[in-house]
Amino acid sequence: MTAPSPAADRTGGTDERDGRAGNRGHGGHDGHDGPHRLPPPQPAFEAHTWKEIAYLLLNLPVALFGFTYAVTVLVAGGALTLTVIGLPLLALSLLGARQLGKLERARARKLLGVRVEEPSPLPLAKGGGPVQRLWMALKDPVGWRTMLYDAVRLPWGILTFCTVLVSLFVLWPLLPYLARGMANLDRAMVRGLLSPSDELERRIAELESDRGIVVDTAAADLRRIERDLHDGAQARLVNLAMGLGLAKEKLLEDPDAAAAMVDEAHGEVKLALQELRDLARGIHPAVLTDRGLDAALSAVASRCTVPVTVTVDLPARPAAAIEGIAYFTVSELLQNISKHSGARSASVDAWHSEDRLLIQVRDDGRGGARLDGGSGMRGLADRLGAVDGLFVVDSPAGGPTVVTAELPWRDRQE
């Protein structure tokens, strides 16, 4: 009996076999109206099971290499500690163990689906002299945990390799369950010995990132101050000096022209002083230093083009750095409201809750503000994050916009 041709199936069929195919195509049941067909062949195990089996089979060669490396370098390094090369050799071995751990995390990530964060690299370039760098490498907890992982894995690698190999031929119906159980133990070992010291490593990574943000922010502020001085007050003072020089030359020849030039120079002095005051206020306003956050926020709100209600409820003044960040955060947000929001009113609230300083700025504008919107929001979020603060923007299209800033509270040291 030959199978119906594909062409005949497409045209509806002209013989008895094609009629059966047509009946099946119109709602008939394969098992009753036509010849019995076997289900399509499928792999015995799913893809993730085969990945676990591959990981377990690779355990033996990987564990054998790791055990040989760990034992060799530890014995050699320990035996040579009385010589000049002993400790440097041990330090290099720990750095090499870090690379082995990196490969093991990649293998577990690829075959077991274990997502383990990479530990922070050793800051050897900033470790000072050779002795400090040597000591930093010798006390590296990541390297020592990787050494321990390599040293204890050989018996487990032999057990998993033999169990999976035998089960492939003898106990294959049970192999998925055996592979899952052994793979779960492998996952636990990877997480326990090859993961970074969770809280400490996470905190170190955050501090490194925050330090970079603080440095970048300080450099940007210095460039802004330099630009404002060069383009504003400095240029005005240069013109003033030139005008006074010309007035001095004309003082005897044409007193009236000299008087007009001195009068013009007087106006330039006033403008230069105003620009210097604005620049000093942008660096750190005097009202903030003298009277605190309440008066400073009221002052900056009075310059906003939108009516702003300010409410400050603080039991005392926070540390100067926290106070300054809070002021400039509100100042930047009120500038955004003036330029972009189209609001009719706004409000600023600041209060103290437990060990946090909370600030909330609201407006009834058009909304749509985002951290990546190019209005300085991302810079504010980075600046607050650098001091363990939070910055949350809630601004649906059509408004209203609510921006909440949270800063750690530190008492002011008088």
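The model shown is predicted, which means the values in this text are computed figures rather than measured ones.

1. Remarks on the packing of aromatic side chains
Here's step 1: For the structure on display, the rule yields 1 aromatic pair.
Here's step 2: Aromatic pair Y327 and F328: ring centres 5.1 Å apart, planes at 80°, arrangement edge-to-face.
Here's step 3: The class of F328 is partly exposed, set by a relative accessible area of 22%.
Here's step 4: Its end group placed over the ring of Y55, R107 keeps NZ or CZ at 3.9 Å from the ring centre.

2. Details of the packing of helix α13 (residues 320–341) against helix α14 (residues 377–385)
Here's step 1: Direction vectors running N to C along α13 and α14 enclose 170°, while the axes themselves pass 11 Å from each other. The angle between the axes of α13 and α14 places the two elements in the roughly antiparallel class. When the axes of α13 and α14 are compared, the crossing they make is left-handed. Along its contact with α13, which presents I325, F328, T329, E332, L333 and N336, the element α14 presents M377, L380, R383 and L384.
Here's step 2: Tallied by class, residues from the contact of α13 with α14 come to 6 nonpolar, 2 polar and 2 charged.

3. So, a negative patch on the surface
Here's step 1: A cluster of acidic side chains, namely E249, E253, D254 and D256, defines a negative patch on the protein surface.
Here's step 2: Note that D254 resides in the loop between α9 (198–250) and α10 (255–283).
Here's step 3: According to the relative accessible area criterion, D254 is partly exposed, its value standing at 33%.

4. Looking at the nonpolar core
Here's step 1: In this structure, L297, L334 and F391 are the most contacted members of the largest nonpolar core, which totals 34 residues.
Here's step 2: Elements with a minimum of two residues in this core: α12 (293–302), α13, β2 (346–353), β3 (356–363), α14 and β5 (401–408).
Here's step 3: In terms of residue count, α13 provides more of this core than any other element does, 8 residues in total.
Here's step 4: Here L297 is in contact with V310, V312, Y327, V330 and V348, once residues within four sequence places are set aside.
Here's step 5: Counting residues in each nonpolar core, the second largest holds 11 residues, with L111, Y149, V190 and L194 among its members.

5. Topic: the pattern of salt bridges
Here's step 1: Enumeration according to the criterion identifies 9 salt bridges in this entry.
Here's step 2: For R109, the salt bridge goes to E118, with nearest N and O atoms at 3.9 Å.
Here's step 3: Residues R153 and D186 are paired through a salt bridge, measuring 2.3 Å at the closest nitrogen-oxygen approach. You can see R153 sitting in helix α7 (residues 141–169) and its partner D186 sitting in helix α8 (residues 175–194), a full 33 residues away along the chain.
Here's step 4: When its relative accessible area of 3% is taken as the criterion, R153 is described as buried.

6. Focus: the pairing of β2
Here's step 1: Bridge count for strand β1 (residues 308–313) against β2 is 6 bridges, and the pairing is parallel. Bridge pairing in β2 places T309 opposite S347.
Here's step 2: You can see the chain leave β1, run along α13 and come back into β2, and the turn it takes is left-handed.
Here's step 3: A loop of 2 residues connects β2 with β3, the two strands running antiparallel in sequence, and E354 in this loop sits at a positive phi of about 55°.

7. Remarks on the environment of V310
Here's step 1: Relative to the assigned elements, V310 resides in strand β1.
Here's step 2: With relative accessibility at 23%, the residue V310 sits in the partly exposed group.
Here's step 3: The spacing of V310 and A350 is 40 residues in sequence and 8.3 Å in space, taken between C-alpha atoms.
Here's step 4: Discounting chain neighbours no more than four positions away, the residues touching V310 are L297, S298, A301 and V348.

8. Considerations on the sheet that holds β3
Here's step 1: Overall, mixed pairing links the 5 strands, which are arranged β1-β2-β3-β5-β4 in an open sheet. The open sheet has two edge strands with one neighbour each: β1 and β4 (390–394). In this sheet, adjacent strand axes meet at a mean angle of 10° when their direction is disregarded.
Here's step 2: Direction of pairing for β3 relative to β5: antiparallel, over a ladder of 8 bridges. Residue pairing in the sheet places I359 in a bridge with A405 of β5.
Here's step 3: Strand contacts of α13: β1, β2, β3, β4 and β5, with the helix running at about 10° to β3, the strand carrying the most contacts.
Here's step 4: α14 contacts β4 and β5 of the sheet and is inclined by roughly 150° relative to β4.

Thresholds, definitions, all that
Residues numbered from 1 in each chain as written. Predicted model: local features only at pLDDT ≥ 70, side-chain atom pairs only at ≥ 80, totals over all residues. Heavy atoms only, no water. Phe/Tyr/Trp six-rings, centres within 6.5 Å; stacked < 30°, edge-to-face > 60°. Buried < 20%, exposed > 50% of the residue type's maximum accessible area, 1.4 Å probe, protein only. Lys NZ or Arg CZ within 6 Å of the ring centre and 35° of its normal. Axes fitted to C-alpha atoms, helices over the stretch in contact; angles between N-to-C directions. Helix = DSSP H or I, 4+ residues; strand = E, 2+ residues; numbered from the N terminus. Parallel < 35°, antiparallel > 145°, perpendicular 65-115°, else oblique. Left-handed = near helix turned anticlockwise from the far one by under 90°. Contact = heavy atoms within 4.5 Å. Nonpolar A, V, L, I, M, F, W, Y, C, P; charged D, E, K, R; others polar. Patch = residues over 30% accessible without salt bridge, like charges linked within 9 Å, V, L, I, M, F, W, Y side chains within 5 Å. Areas by Shrake-Rupley, 256 points an atom, 1.4 Å probe, with all protein chains shown as cover. Salt bridge = Lys/Arg side-chain N within 4 Å of Asp/Glu carboxyl O. Lys, Arg positive; Asp, Glu negative; His and termini not counted. Charge placed at Lys NZ, Arg CZ, Asp CG, Glu CD. Core = buried A, V, L, I, M, F, W, Y, C linked by side-chain atoms within 4.5 Å. Pairing = 2+ DSSP bridges. Right-handed = clockwise from strand over helix to strand, strands pointing away.

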